[in-house]
Amino acid sequence: MSTRRSDDPHGTSLDGRKLRPESLMMSYGYDPRLSEGAIKCPIFQTSTFVFESAEEGKAFFEVAYGLREQGAGEATGLIYSRLNNPDLEVLEDRLSLWDEAEACASFESGMAAIATTLLAYARPGDAILYSTPVYGGSDHLLHHFFLQYGIQAIGFTAGVPISRVEPDLVRAVGDRPVAAILIETPANPTNALVDIRGVADLAQRLERHGRRPMVVVDNTFLGPLWQQPLKHGADLVVYSATKFLGGHSDLIAGAVLGSREALAPVRALRTFLGTMASPWTGWLLLRSLETLKMRMTASMKNARYVADFLRDHPRVRKVHYLGHLESDHPLYEVYRRQCTAPGSLIAFEVEDGEAGAFRFLNSLRLVKLAVSLGGTESLAEHPCSMTHADVPAEAKERFGITAGLVRLSVGVEHYEDIVGDVAQALAAV
Ligand SMILES: Cc1ncc(COP(=O)(O)O)c(C=O)c1O
């Protein structure tokens, strides 16, 4: 806790009832009295902070560098914006509320969050397991970067029960320690699910040489509103905050959440890699979080109309949408257990492969043709040649990233206008 804010100035409960995150997004972690009464947390656009005395500076460093235990009631002093900054501290406190996490660290991108987290736990000679498909950037990091340091990435298919992939994984791991199991659920772009509890149980069985793999869940697609992985056995949750958390397609950011203990090495490495978010990014995210629930709810409701329309359309072959999962699907029970809503991402396959997908994308008028997702505006892209261009052709086929697949991130526009645009663009397929 910094000296510029108080932990709980207005309280987090009312008449003994716990206040919900959406009620606390405008106030939690910020005390106007410490900032000239400003109702909003100002932007602390500063690199460094003035100490009141040399003794204070020494005390702040001792705590920040873990040289001694923090005293009871002792505030973590502000030192330098690569270590901490009020905008980031307030942001991290507020983000923690949604996932009911003990701690949070914010980053300048989702990739910075993922890379710093994996680097904090991986050692040469380790393996990292990961569900496939994953976001193209994570895939590249695992296959190209980590391999140079003798860390082997071993993939397993999302969308099938863990018991079916476990024997192959155990064989592939052998006697090596596994630094982490990174899962992206639902997967980008196909919405394939991974059983978080199943992976947490598998992690126990994969303990080697006294090290148990960290279960890291990329919760960008559904979280934090519709899925809270820490409640299902995950150790750490990572976000591309560029997406729903930012929500306006105007910033790049990331976040990692978990217990204080699990986050400690990640936070420490962030200091030395310098992958933290800037005060300006932190401030923009604080503004975004005030409307998070409204935005995610509006998009989620809109997506149902769009997905139902696509399912009945003669030029659409297949729709990947969590709200259409049938009760006889092998992961239906996992969906009911770990997700509270289907979210607002839809992938669908049109007739005539890439040519059909391109005709569709080039005909859109309201929906924008762009990568990224989770913004207020609806966005559509072609995973096969864009976000997942780097994934080998054979793997794309296996994951269902076909030439005719389009990914649609449904925004907050009026649903009839989105459906209308999709309908007129499908007429061109
Ligand atoms: C699921 C997922 N994780 C991580 C990332 C990377 O985030 P960023 O672009 O903020 O670095 C993305 C980006 O599209 C993503 O979709």
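Residues numbered from 1 in each chain as written. Predicted model: local features only at pLDDT ≥ 70, side-chain atom pairs only at ≥ 80, totals over all residues. Heavy atoms only, no water.

(A) Summary view of the sheet that holds strand 14 (residues 405–409). A sheet is described by the order of its strands in space; here five strands give the open sequence 10-11-14-13-12, paired in mixed fashion. At either margin of the open sheet sits one strand with a lone partner, and together these are strand 10 (316–320) and strand 12 (368–369). In this fold helix 10 (residues 292–311) packs onto strand 10, strand 11 (345–350) and strand 14, with an angle of close to 15° to the strand it touches most, strand 11. (Pairing = 2+ DSSP bridges. Helix = DSSP H or I, 4+ residues; strand = E, 2+ residues; numbered from the N terminus. Contact = heavy atoms within 4.5 Å. Axes fitted to C-alpha atoms, helices over the stretch in contact; angles between N-to-C directions.)

(B) Geometry of the confidence of the model for the chain. Mean pLDDT over the chain: 95, with 98% of residues reaching 70 or higher. Considering only residues more than four positions removed or in separate chains, one finds that residues 1–7, a stretch of pLDDT under 50, has 32 contacts. (pLDDT = per-residue confidence, 0-100.)

(C) Examining the sheet that holds strand 8 (residues 236–240) more closely. Reading across the sheet, the seven strands line up as 3-9-8-7-6-4-5 and stay open at both edges, with mixed pairing between neighbours. Each edge of the open sheet is held by one strand with a lone partner, namely strand 3 (103–107) and strand 5 (152–157). Geometrically, the sheet is characterised by an average inter-axis angle of 20° between neighbouring strands, direction not taken into account. Relative to strand 6 (residues 178–184), strand 4 (residues 127–132) runs parallel, the two sharing four bridges. By the bridge assignment, Leu129 is partnered in strand 6 with Ile181. Where helix 3 (residues 86–99) meets the sheet, its contacts fall on strand 3, strand 8 and strand 9 (254–258), and the angle it forms with strand 3 comes to roughly 125°. Packing against the sheet, helix 8 (residues 260–273) makes contact with strand 3, strand 7 (214–218), strand 8 and strand 9, and its axis sits at approximately 25° to strand 3.

(D) View of the site of the ligand. What surrounds the ligand is a group of 13 residues, the closest being Met111, Asp218, Ser240, Thr242 and Lys243. For the ligand, a nitrogen atom lies 2.7 Å from a polar atom in the side chain of Asp218. Contact with the protein chains covers 92% of the free accessible surface of the ligand, which is 390 Å². When residues in the shell around the ligand are grouped by element, the largest group, three residues, is from helix 4 (residues 110–121). (Near = heavy atom within 4 Å. Polar contact = N/O pair within 3.5 Å; in protein donor to acceptor, adjacent residues only side chain to side chain. Areas by Shrake-Rupley, 256 points an atom, 1.4 Å probe, with all protein chains shown as cover.)

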